[in-house]
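Spelled out from the first residue to the last, the chains are:
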Amino acid sequence: MKLSQIAQLLNGQLVNLREDIEIRGLKSINKAKKGEITFVADKKYLKDLQINASAVLTKEKLDLEIPQIIVDNPQTSFYRLIDIFYPEEEKAGISKKASISENVEIGENVYIGEFTVIEEGVKIGSSVKIYPNCYIGKNTVIKDNTVIYPNVVIYRDAVIGKNVIIHSGCVIGADGFGYYQENGKHKKIKHVGKVIIEDDVEIGANTTIDRAMVDETVIKKGTKIDNLVMIAHNCEIGENSIIVSQVGIAGSCKIGKNVILAGQVGVADHITIGDNVIVTAKSGVGKNLEAGKVYGSGLQAIEWSKWKKVMFYLYKLPEIIKKLK
Amino acid sequence: MKLSQIAQLLNGQLVNLREDIEIRGLKSINKAKKGEITFVADKKYLKDLQINASAVLTKEKLDLEIPQIIVDNPQTSFYRLIDIFYPEEEKAGISKKASISENVEIGENVYIGEFTVIEEGVKIGSSVKIYPNCYIGKNTVIKDNTVIYPNVVIYRDAVIGKNVIIHSGCVIGADGFGYYQENGKHKKIKHVGKVIIEDDVEIGANTTIDRAMVDETVIKKGTKIDNLVMIAHNCEIGENSIIVSQVGIAGSCKIGKNVILAGQVGVADHITIGDNVIVTAKSGVGKNLEAGKVYGSGLQAIEWSKWKKVMFYLYKLPEIIKKLK
Amino acid sequence: MKLSQIAQLLNGQLVNLREDIEIRGLKSINKAKKGEITFVADKKYLKDLQINASAVLTKEKLDLEIPQIIVDNPQTSFYRLIDIFYPEEEKAGISKKASISENVEIGENVYIGEFTVIEEGVKIGSSVKIYPNCYIGKNTVIKDNTVIYPNVVIYRDAVIGKNVIIHSGCVIGADGFGYYQENGKHKKIKHVGKVIIEDDVEIGANTTIDRAMVDETVIKKGTKIDNLVMIAHNCEIGENSIIVSQVGIAGSCKIGKNVILAGQVGVADHITIGDNVIVTAKSGVGKNLEAGKVYGSGLQAIEWSKWKKVMFYLYKLPEIIKKLK
C-alpha cells in the first residue's frame, strides 16, 4: 500500500514525503525496517533511538527527515492499520472430516474444521468459525460471527453470543467444583446449570469457565478474559470488565461492570465486587468491594536478603507490639 | 414429576399442597419460577425475597403459602433431586471415527468418541466413557465406570482407577520438570515413571499431573481436584483431599488425607503436609505442616491508597525496629 | 542388562558383586525392589532406610552388602541410565487420518499422528514428531527433531526451533491480550506478530505463549518452561532460563539469560529482568530487577490463628508508627 493511500485512509497529514513509497508491513518503533511503517506514542520514546522505518505515525511533527503522517492518535491509527494490512483469515465450509450429529442447525457461511465434533441439538449462527479439533456439546447455541479456535471444548447447554472469540484450549461448561459430605466422603453435587457468554466477549487460551449447579454462570457483554483464568460455577461477570491472566474467581461471585482484575488476583466465593473497581495484581479478595475504588494486597519483590529481614519482623509483629505497649 | 412423588422420594412431609402440581425443573431460590422447585438452606436467606418457585424444600415449615416439603437436610435433598431430574448422558459404542490401536482391551458397554486415539496396549474397563478428541497413551489402564471428557491427554503407562472423572483439557503424565546442569546448559532428566489416579477421584478442567521420574505420582482414593491445578512429578496426594483451583504443588510433596488446599496455594518441593490440614487461599507453603492444623499466609485486599502505606512501613520494618531498640 | 555392563557403561567401579545380576528397572532408593538399581545422592539419606534394591550407584562405598557401583556423580549417572533403559518411543510415518493441507513441506523420518491438522504453508523439518489431535497453523515452521505431544495448538506464523519439546495442551501464538477504548468499549487490538521458540526449549503442559502485536514473542535457546505458565505478547525470555509452573509474565517483558522464576511468580508488563536473576516463589515483580541478584516477596504459611494476628498488626502499621512518632 502506498504511503499516500495510508495517509488518506487515516485522515492524516503527510509530511516529509518526497516521492510516494510502498509500505509492506507494520512494526514497533525499534523493530521497523525499510518498507515498514511504525508509530510514536510519545516523543520521549524517541530519545537515542535509531529509526529505520520508512514512515511513522505521529501526533506532532518530529524533527526527523523520515516521512510522517500526522494524526490525532497515532496508537489507535496504527491499530486501524493492522486491521487493514492483515485481513481475517478466510475460512469457510464444513469439513467432511468434521463429525456433525443429527438435528444440528447451521447458519450461512459457517466454517467447521477437521475433526471437530458437533453434538445433537447444537445451533450455529451465520458466519461462525469453528476451527479443528473442537467439541461442541449437546444443545449448545453459538450465535453469529463467533470464532472458536482449535481444541476448544464447550460442554452441553452453553449459550455463546455474537462476535465472541474463544481461544484454543478453553473449556467452557465443565462441572462446578462442589461436593457434600456423606459418611466422611466427598459426594459430587451434580452440576446441570448453564454457561452463558454474551456478545463481544473474548476468552483467552486455556481459560476455564464452569457451569452452574442449577442456574447460570454468566459472562456479560463486552468483557475480555485473558489466558489461564478460572471462573467458577454460578459467577456473574458484568459488562466490559477485564479479567487478566491467571485470575481465579471462586463460586457464586458477582463482579460488576467495567471492573479490572489484574494478573493472578484471587477472589473467594460469594464475593460481590462493585462496578468500576480495580484490583491490583496478585491481590486476594475475601470481602465485598465497593464500586469505583482501587484495591490491592500484592507485594513487591525486593532483594531476598532484605525481604527475609522484613519477613522476620513481620512474623514477630504481634510480640513486638505487645512489648511496646 | 409430581410434587407428591418428589415428597415420597425424599421421604419428606408435604404441606400447603391443595392440588398436586407438576415440577419441571430445579433452580436456586432467587431464580426459580413457576413449575420449578427450590430449597431454603437457612431461613435468614428468605428475608426480602420474592419467591416465585412452585415448591420449596425446607427444614422447618415456612410462613408462606407456597407448597413445601419438610426434610431433614434441604440442601442434600436438593442434590439428590438433581441426580433424579438429570440422568447421566447416555453414551455408548465405539465410534468408527476413533482410532483404536492393536492389542487394546475394551470392556463392556464402553463409549469411545470420535477422533479419540487409543494407543497400543491400553486396557479399558467396562462402562468407561471416553469423549471425543482424547489421547490415551500406550499401556495406560482405565478402570470401570470412569468418565473422560473431550480433549483429555493421558500419556503412556498411567493407571486410572474406577469411577474417576477427568474433565476436558487435563494432561495426565507429561514429563516432570527436571534438569541437571552440564556445561552450563540444562540437560533433561528423562521421566519414565507413572501417574496413578485411584478410584473416585475427580480432576477439573485443564489441570496437569506430571509423571514421576522413575517412581509414581499418586492421587489417592476420593480426592477431588479443581481446574488449572498443577501437581508435579513424584507427588503423593492422600485420600479424600480437596485441591482447589490454581493450586500448584511442586515435585515430591507428600500431602496427607482429608487435606484442603484452598485456591492459588503454592507448595514448594519435597514438603510433607499432615492429615486434615487446611491451608487458606493464596498461601505459600515452604515448610512441612503438622496434621490437623490450619495454616495461612494470604493477604486481604484493602483500598490501594491504604495498602501502599502499609507496604511502605512493612518494607521499612527492619529499620524502624532497629531505631526502636 | 547385566550389572557388570552397567558399571562399564558408567565407567564405574563395581564392588560387592559375587555373581553378575540382571537389572530390569530403575527406582528411587526407597521404592527400588529386587532386580532394580537405585542411587544414593548423599549418605545421610541412608539412615534408617531398608534398601531392597539389587544394586546401588554411590560416590563412596557404603557399609552395606548390596552390590555397588562407585561413580563420581551417582545422580547424573542414574539419569544417564534412565536414557539407556528407556529409549524414546519409536514413532514414524504420516497417519492417513491426519489432515495435511497443500503446500506443506515435510522432512524425512517425520511422524504425524491421527487427527492432527497441518495447515497450508507449514514447513516441518526432519525427524519431527507431531502426536495426534494437534493443530499447526498456516505458515508455521517446525525445525528438526522437535517433538510436539498430543492436543497442542500452534497458531499461524510461529517458528519452532530444533530439539524443542512441547507438551500436551500448550497453546502457542494465541492473540495477545490488548484492547483500546472506543466509546466506553474495549476494542480489540489485532495481534499479527509471531512467536519464535528457539532450539532446545521445552514447554510444559497447558502453558500459553501469546503472539506479539506486530513484532515477536521470543523464547531463546535452551530455556525450559514448566506447566500452566503464561507468557504474554511481545515478551523476550533469554537463553537457558527456567520458568517454573504457574508463573505469569505480562506483555513486553524482557527476561535475561539464566534467570530462574520460581513457581507462581508474577511479572508486570514492560519489566526488564537482568541475567542470572532468581525470583523466589510467589513473588510479584513490579520493577526492573538487576542482574545477578536474588529477589523475593513471597510469604510463608504459619498457623492461621497466628497469621491473623500478624495481619491485624500489619494492616495497622501506618497508625501504629504514627503513634510511635
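Note that this is a predicted model, so its numbers are computed, not measured. (Residues numbered from 1 in each chain as written. Chains lettered and ligands numbered in written order. Predicted model: local features only at pLDDT ≥ 70, side-chain atom pairs only at ≥ 80, totals over all residues. Heavy atoms only, no water.)

Turning to the relation of the copies chain A and chain B, a few remarks are in order. If you rotate chain A by 120° and push it 0.0 Å along the axis, it lands on chain B with an RMSD of 0.0 Å. Such a combination of turn and shift is consistent with a three-fold rotation axis. (Least-squares fit on C-alpha atoms with pLDDT ≥ 70 in both.)

Moving on, we come to the packing of helix 3 (residues 304-324) of chain B against helix 3 (residues 304-324) of chain C. Running from N to C, helix 3 of chain B and helix 3 of chain C point in directions that differ by 55°, and their axes come no closer than 8 Å. With respect to their mutual orientation, helix 3 of chain B and helix 3 of chain C come out oblique. Relative to helix 3 of chain C, helix 3 of chain B is oriented so that their crossing is left-handed. Here W307(B), K309(B), V310(B), Y313(B), L314(B), L317(B), I320(B) and L324(B) of helix 3 of chain B come into contact with helix 3 of chain C, specifically with L314(C), Y315(C), L317(C), P318(C), I321(C) and L324(C). The residue makeup of the contact of helix 3 of chain B with helix 3 of chain C, split by class, is 13 nonpolar, no polar and one charged. (Axes fitted to C-alpha atoms, helices over the stretch in contact; angles between N-to-C directions. Helix = DSSP H or I, 4+ residues; strand = E, 2+ residues; numbered from the N terminus. Parallel < 35°, antiparallel > 145°, perpendicular 65-115°, else oblique. Left-handed = near helix turned anticlockwise from the far one by under 90°. Contact = heavy atoms within 4.5 Å. Nonpolar A, V, L, I, M, F, W, Y, C, P; charged D, E, K, R; others polar.)

Facing 71 residues of chain C, the contacting portion of chain A comprises 63 residues. At the boundary of chain C with chain A, total buried surface from both sides reaches about 5300 Å², with 62% on carbon and sulfur atoms. Connecting chain C to chain A are four salt bridges. As a salt-bridge pair, K91(A) and E119(C) come within 2.9 Å of each other at their nearest N and O atoms. Scanning the region where chain C abuts chain A turns up 30 residue pairs in polar contact (both at pLDDT 80 or more). Of all the elements in the fold, those that place two or more residues in the side of chain C that touches chain A are strand 20 (179-182), strand 21 (185-188), strand 36 (284-285), strand 37 (294-296) and helix 3 of chain C. Looking at the side of chain C that touches chain A element by element, the count peaks at nine residues for helix 3 of chain C. (Buried area = accessible area lost by both parts, 1.4 Å probe. Salt bridge = Lys/Arg side-chain N within 4 Å of Asp/Glu carboxyl O. Polar contact = N/O pair within 3.5 Å; in protein donor to acceptor, adjacent residues only side chain to side chain.)

In this complex, chain A contributes 70 residues to the contact, which on the side of chain B involves 63 residues. Where chain A abuts chain B, roughly 5300 Å² becomes buried across the two surfaces, and 62% of that area is made up of carbon and sulfur atoms. Of all residues in chain A, the largest losses of buried area upon contact with chain B belong to F177(A), H186(A) and K190(A), amounting jointly to 13% of the total for that side. Put simply, chain A and chain B have four salt bridges between them. Remark: the boundary between chain A and chain B carries 29 residue pairs in polar contact (both at pLDDT 80 or more). At the level of elements, strand 19 (171-174), strand 20 (179-182), strand 21 (185-188), strand 24 (208-210), strand 36 (284-285), strand 37 (294-296) and helix 3 (304-324) of chain A are the ones that each hand at least two residues to the side of chain A that touches chain B. Sorting elements by how many residues they give to the side of chain A that touches chain B places helix 3 of chain A first, with nine residues. Partitioning the side of chain A that touches chain B into residue classes produces 34 nonpolar, 22 polar and 14 charged. Direction of pairing for strand 37 of chain A relative to strand 38 (residues 302-303) of chain B: antiparallel, over a ladder of two bridges. Within strand 38 of chain B, the residue paired with Y295(A) across the bridge is E303(B). (Pairing = 2+ DSSP bridges.)

Scored by pLDDT, chain A has a mean of 96; 100% of the residues are at 70 or more. Interface confidence in the predicted complex, given as ipTM, is 0.97; pTM for the same model is 0.97. (pLDDT = per-residue confidence, 0-100.)

Taken domain by domain, chain A comprises domain 1 (3-85) and domain 2 (152-295). Spacing between the C-alpha centres of domain 1 of chain A and domain 2 of chain A amounts to 40 Å. (Domains from an automatic or database assignment.)

Once that is clear, we can look at the pairing of strand 25 (residues 216-219) of chain C. Residue and element names in this part refer to chain C. With four bridges connecting them, strand 22 (residues 194-197) and strand 25 associate as parallel partners. Bridging across to strand 25, V195 finds its partner in T217. Examined bridge by bridge, strand 25 and strand 28 (residues 236-237) share two bridges and lie parallel to one another. Counterpart to V218 in the pairing with strand 28 is E236.

All names here are of chain C. Read from one edge to the other, the open sheet built from 10 strands follows the order 7-10-13-16-19-24-27-30-33-36, with strand pairing classed as parallel. A single partner strand is all that each edge strand has here, and the edge strands are strand 7 (99-100) and strand 36. Of the pairings in the sheet, the one linking strand 24 (residues 208-209) to strand 27 (residues 230-231) comprises two bridges and is parallel in character. Bridged to T208 within strand 27 is M230.

Further remarks concern the pattern of salt bridges. Under the criterion given, the structure shown has 45 salt bridges over all chains. The partner of E303(B) in a salt bridge is K293(A), with the nearest N and O atoms 3.6 Å apart. Residue E303(B) is found in strand 38, and its partner K293(A) is found in the loop between strand 36 and strand 37; the two belong to separate chains. Among the residues examined, E303(B) registers a relative accessible area of 24% and is labelled partly exposed. Residue K293(A) is classed as partly exposed on the basis of its relative accessible area of 26%. Taken together, the shared-partner salt bridges in this structure form one network comprising R156(A), D157(A) and R211(A). (Buried < 20%, exposed > 50% of the residue type's maximum accessible area, 1.4 Å probe, protein only.)

This paragraph deals with the pairing of strand 20 of chain A. With four bridges connecting them, strand 20 of chain A and strand 21 of chain A associate as antiparallel partners. Bridged to Y180(A) within strand 21 of chain A is K187(A).

Here the focus is helix 2 (residues 74-85) of chain C. Given 3.6 residues per turn, any residue in an α-helix points the same way as the ones three and four places further on. With 12 residues, helix 2 of chain C extends 16 Å from end C-alpha to end C-alpha; this agrees with the ideal 16 Å at 1.5 Å per step. Taken as a whole, helix 2 of chain C has its buried residues at P74(C), S77(C), F78(C), Y79(C), L81(C), I82(C) and F85(C). Check the buried side of helix 2 of chain C and you find it contacts strand 20 (179-182) of chain B together with helix 1 (3-9), strand 2 (25-26), strand 3 (36-39) and strand 4 (55-58) of chain C. (Expected span 1.5 Å × (residues − 1).)

To continue, consider unusual backbone geometry. One non-glycine residue, N234(A), lies in the positive phi region at around 70°. Looking at the element boundaries, N234(A) is found in the loop between strand 27 (230-231) and strand 28 (236-237). Unusually for a residue other than glycine, Q246(C) sits at a positive phi of about 65°. With respect to the secondary-structure elements, Q246(C) resides in the loop between strand 29 (242-243) and strand 30 (248-249). Q246(C) gets classed as buried once you look at its relative accessible area, which sits at 8%.

All names here are of chain A. Within this numbering scheme, the UniProt entry marks H233 as carrying the feature "active site" (unreviewed entry). Considering the arrangement of structural elements, one finds H233 in the loop between strand 27 and strand 28. A distance of 3.4 Å separates polar atoms of two side chains, one belonging to H233 and the other to N234. (UniProt positions renumbered as here; feature names shortened; annotations may be inferred.)

Right, let's talk about the sheet that holds strand 9 (residues 111-112) of chain A for a bit. If you trace the 12 strands from one edge of the open sheet to the other, you get 6(A)-9(A)-12(A)-15(A)-18(A)-23(A)-26(A)-29(A)-32(A)-35(A)-37(A)-38(B), paired in mixed fashion. Looking at the sheet topology across the chains shown, the edges are occupied by strand 6 (93-94) of chain A together with strand 38 of chain B. For strand 32 (residues 260-261) of chain A and strand 35 (residues 278-279) of chain A, the ladder comprises two bridges, and the chain directions are parallel. Its bridge partner lying in strand 35 of chain A, I260(A) is registered against I278(A).

This part takes up the side chain of T58(B). Residue and element names in this part refer to chain B. Note on placement: T58 falls in strand 4 (residues 55-58). A distance of 2.7 Å separates a polar atom in the side chain of T58 from the backbone oxygen of E60. Non-local contacts of T58, meaning those with residues more than four positions away in its chain, are made with V40, Q68, I69, I70, V71 and P74.

All right, on to a nonpolar patch on the surface then. A cluster of nonpolar side chains, namely I260(A), I278(A) and V294(A), defines an oily patch on the protein surface of about 180 Å² accessible area. Structurally, I260(A) can be placed in strand 32. (Patch = residues over 30% accessible without salt bridge, like charges linked within 9 Å, V, L, I, M, F, W, Y side chains within 5 Å. Areas by Shrake-Rupley, 256 points an atom, 1.4 Å probe, with all protein chains shown as cover.)

Time to look at the environment of V141(B). Looking at the element boundaries, V141(B) is found in strand 14 (residues 141-142). Taking the C-alpha atoms as reference points, V141(B) and K129(B), separated by 12 residues in sequence, lie 13 Å from one another.

We now examine the packing of aromatic side chains. Evaluation of the coordinates by the stated rule reveals 30 aromatic pairs over all chains. With a centroid separation of 5.3 Å and an interplanar angle of 65°, the aromatic rings of F115(A) and F115(C) are classed as edge-to-face. Taken as a pair, F115(A) in the loop between strand 9 and strand 10 (117-118) and F115(C) in the loop between strand 9 (111-112) and strand 10 (117-118) lie in two separate chains rather than in one. By the burial criterion, F115(A) is buried, and F115(C) matches it. Among the aromatic residues, those joined into a ring-pair cluster are Y111(A), Y131(A), Y149(A), Y135(C) and Y155(C). (Phe/Tyr/Trp six-rings, centres within 6.5 Å; stacked < 30°, edge-to-face > 60°.)

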